[in-house]
Amino acid sequence: MKRFLGFVKKEFYHIFRDKRSMFILFGMPVIQIMLFGFAITNEINNVNIAILDKSNDVETKQLIAKIDASRYFNIEQKLQSDTEIESVFKRGKIKLVLVFEKDFGQKLANQDQPEIQIISDATDPNVANTATNYANAIIQNYVREESDGQTKPSGIVLDSRFLYNPDMRSVYTFVPGVMTVILMLVSAMMTSISIAREKEIGTMEVLLVSPLHPFQVILGKVFPYVFLSVINAIVIVSLGVFVFGMPVKGSLLLLAAESILFIVTALSLGILISTVAQSQQTAMLISMMGLMLPVIILSGFIFPIASMPLPMQIMSNIIPAKWFIIIIKAIMLKGASFAIIWKETLILFGMTSFFILLSVKKYKIRLE
């Protein structure tokens, strides 16, 4: 019995000395429950909207103030003309625009039923539908409050429009999202496992001490996966277009360039994982558990980022998938040009450079 207790004590020492095992045992469950608890919600909060008030009278100001006071909407911009609506939607920050017709207050006083147009960005049908319903409910509540005690209650005509996805097809959300998740996970996983395999059998160190520069070695290991991942992307887009009827309104050349940039970003992240992982099993575990949940939950693929707590909104900015989903939806559904998505492209390029430089630096340290 004493020997057995000594053996168990030794095993405890081994576990406690392994920081990675301790993180997997205690850190991952905490991270997962925090992600699931705060990020997964069906509620829509803090949706950025724009207002086009052609009347600009007391009644419209009261209604706008009521909308702004709700926790569902955040008035981000005041528009001056109808021509601005398309451009603000293409930038991607505004999800809904409310258009008040001219002489709104006068028509409401005369019980002529003035019109409010609710225009939604339906690239995410669930967010568009929910946000439209929230706006509808707030406006109807305002009408009831204003007409309280009147023999003939006044009314407001609501005209709802869904841009980019008038049929509210969910496939318009899932094709870009699934493409992002597959490219991210497969590219990062394959690269990290490939290099971890070389490290396991001892050939990676041989390559790194060869006349080739460490950057050339890493680039040579990654290049075949760039080619294979590009084929993967072509297959996914082709299935989306020809099987599910997904439109591609923007430039195919721009879509291809942005996809290659994202693939390189995912591959460079896989290289970075390989600098930490000493075995294929560790690389697989980090790639699957460390990337899958953040990519699915914090990328905006399924759950709207604006509805998450502020710390998670900030955390989502370091997820490359978030920026690629914005880019691919803007190109495929909105026909956006590079002038619209240059900021997201620059962020992805910066992440790629950071991952590659950090990986090369770590491998140099190992050689020294």
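Placed above this text is the structure.
Counting restarts for each chain, with residues numbered from 1 along the sequence as it is written. With pLDDT at 70 or above as the cut-off, local features in this predicted model cover only qualifying residues; side-chain atom pairs require 80 or more to be listed or tallied, and sums for whole chains, interfaces and linings still use all residues. As a rule here, side-chain values cover all heavy atoms of the structure and leave hydrogens and water aside.

A short note on the overall build of the protein chain
The number of helices and strands found in the protein chain is 14 helices and five strands. Working definition: with a 1.4 Å probe on protein chains only, accessible area under 20% of the residue-type maximum means buried, over 50% means exposed, and in between means partly exposed. With 368 residues in all, the protein chain has 45% of them scored as buried. Sequence-distant contacts in the protein chain: of pairs separated by 6 or more residues, those separated by 24 or more amount to 77%. Under the DSSP-based scheme used, a helix requires at least four consecutive residues in state H or I and a strand at least two consecutive residues in state E, with every element numbered from the N terminus. Contacts are residue-level and defined by heavy atoms, with any inter-residue pair within 4.5 Å sufficient.

As for the side chain of S70
Counting through the fold element by element, S70 comes out in the loop between α3 (58-69) and β2 (73-78). Any pair of nitrogen or oxygen atoms within 3.5 Å is treated as a polar contact; in protein, a donor-acceptor pairing is required on top of that, and neighbouring residues in sequence qualify only through side-chain atoms on both sides. In terms of polar contacts, S70 uses its side chain to reach the backbone carbonyl oxygen of I67, at 2.8 Å.

Comments concerning helix α7 (residues 171-201)
The end-to-end C-alpha distance of α7 is 44 Å, a good match for the 45 Å that 31 residues give at a rise of 1.5 Å each. Of all 31 residues in α7, 23 are buried; the element is thus mostly enclosed. Under the convention used throughout, the expected extent of a helix is 1.5 Å for every residue step, that is, one less than its residue count.

Regarding the pairing of β2
Two strands qualify as a pair provided that DSSP identifies no fewer than 2 bridges between them. As paired elements, strand β1 (residues 47-53) and β2 share five bridges and run parallel to each other. Residue pairing in the sheet places N48 in a bridge with N74 of β2. Here a crossover is taken to be right-handed if, once the strands point away from the viewer, the path from the first strand over the helix to the second is traced clockwise. You can see the chain leave β1, run along α3 and come back into β2, and the turn it takes is right-handed.

Notes on the sheet that holds strand β5 (residues 157-163)
Within a sheet, neighbouring strands are paired by backbone hydrogen bonds and run either parallel or antiparallel to one another. Read across the open sheet, the five strands follow the order β2-β1-β3-β4-β5; overall the sheet is mixed. What marks the edges here is a single partner per strand, and that holds for β2 and β5. Neighbour to neighbour, the strand axes of the sheet diverge by 25 degrees on average, direction disregarded. The pairing of β1 with strand β3 (residues 96-100) spans five bridges and is parallel. Within β3, the position partnered with I51 by the bridge is L98. The sheet contacts of α3 involve β1, β2, β3 and β4 (115-121), and relative to β2 the element is tilted by about 130 degrees. To get an axis, a line is fitted to the C-alpha atoms, and for a helix only the part in contact is used. The angle between two axes follows their N-to-C directions and goes from 0 to 180 degrees.

Some remarks on the packing of aromatic side chains
Centres within 6.5 Å are what make two rings of Phe, Tyr or Trp a pair, Trp counting through its six-membered ring; a difference in plane orientation under 30 degrees is then read as stacked, over 60 as edge-to-face, and the rest as tilted. Taken as a whole, this structure holds six aromatic pairs when the rule is applied. Each ring, one from F89 and one from Y164, has its centre 6.5 Å from the other, and the planes form 90 degrees; the classification is edge-to-face. Of this pair, F89 sits in helix α4 (residues 83-91) while Y164 sits in the loop between β5 and α7, placing them 75 residues apart in sequence. Given a relative accessible area of 0%, F89 falls into the buried group. Take Y164: its relative accessible area is 9%, and that puts it in the buried class. With a centroid separation of 5.6 Å and 80 degrees between ring planes, the pair formed by F100 and F104 is classed as edge-to-face. Assessed through its relative accessible area of 0%, F100 is described here as buried. On the basis of relative accessibility, which here comes to 0%, the residue F104 falls in the buried class. Geometrically, a lysine NZ or arginine CZ counts as sitting over a ring once it is within 6 Å of the ring centre and also within 35 degrees of the ring normal. Over the aromatic face of W323 sits the side chain of K322, whose NZ or CZ is 4.5 Å from the ring centroid.

So, a nonpolar patch on the surface
Patches here are clusters of residues that have more than 30% relative accessible area and form no salt bridge, with a 9 Å joining cutoff for like charges and a 5 Å cutoff for nonpolar side chains (Val, Leu, Ile, Met, Phe, Trp, Tyr). The accessible surface values rely on the Shrake-Rupley method and a 1.4 Å probe; as for residues, cover is taken only from the protein chains in view. Salt bridges are defined as contacts in which a side-chain nitrogen from Lys or Arg sits within 4 Å of a carboxyl oxygen from Asp or Glu. Together, F227, L228, I231, V235, L239, F242, V243 and F244 make up an exposed nonpolar region whose accessible area comes to about 840 Å². If you trace the backbone, V243 turns up in the loop between α9 (214-242) and α10 (252-276). A relative accessible area of 55% means that V243 is categorised as exposed.

Brief notes about the packing of α3 against helix α6 (residues 125-146)
Following both chains from N to C, one finds α3 and α6 inclined at 130 degrees, their axes separated by 10 Å at the closest point. Classified by the interaxial angle, the pair formed by α3 and α6 is oblique. In terms of crossing hand, the pair formed by α3 and α6 is right-handed. Where α3 approaches α6, its residues E59, Q62, L63, K66 and I67 are matched on the opposing element by I138, I139, N141, Y142, E145 and E146. All amino acids are sorted into three groups, where Ala, Val, Leu, Ile, Met, Phe, Trp, Tyr, Cys and Pro are nonpolar, Asp, Glu, Lys and Arg are charged, and the leftover types, Gly among them, are polar. Of the residues that constitute the contact of α3 with α6, the class distribution is five nonpolar, two polar and four charged. Convention used here: angles under 35 degrees read as roughly parallel, angles over 145 as roughly antiparallel, angles from 65 to 115 as roughly perpendicular, and any remaining angle as oblique. Helix crossings get a hand from a simple test, with the near helix turned counterclockwise from the far one by less than a right angle marking a left-handed crossing and a clockwise turn marking a right-handed one.

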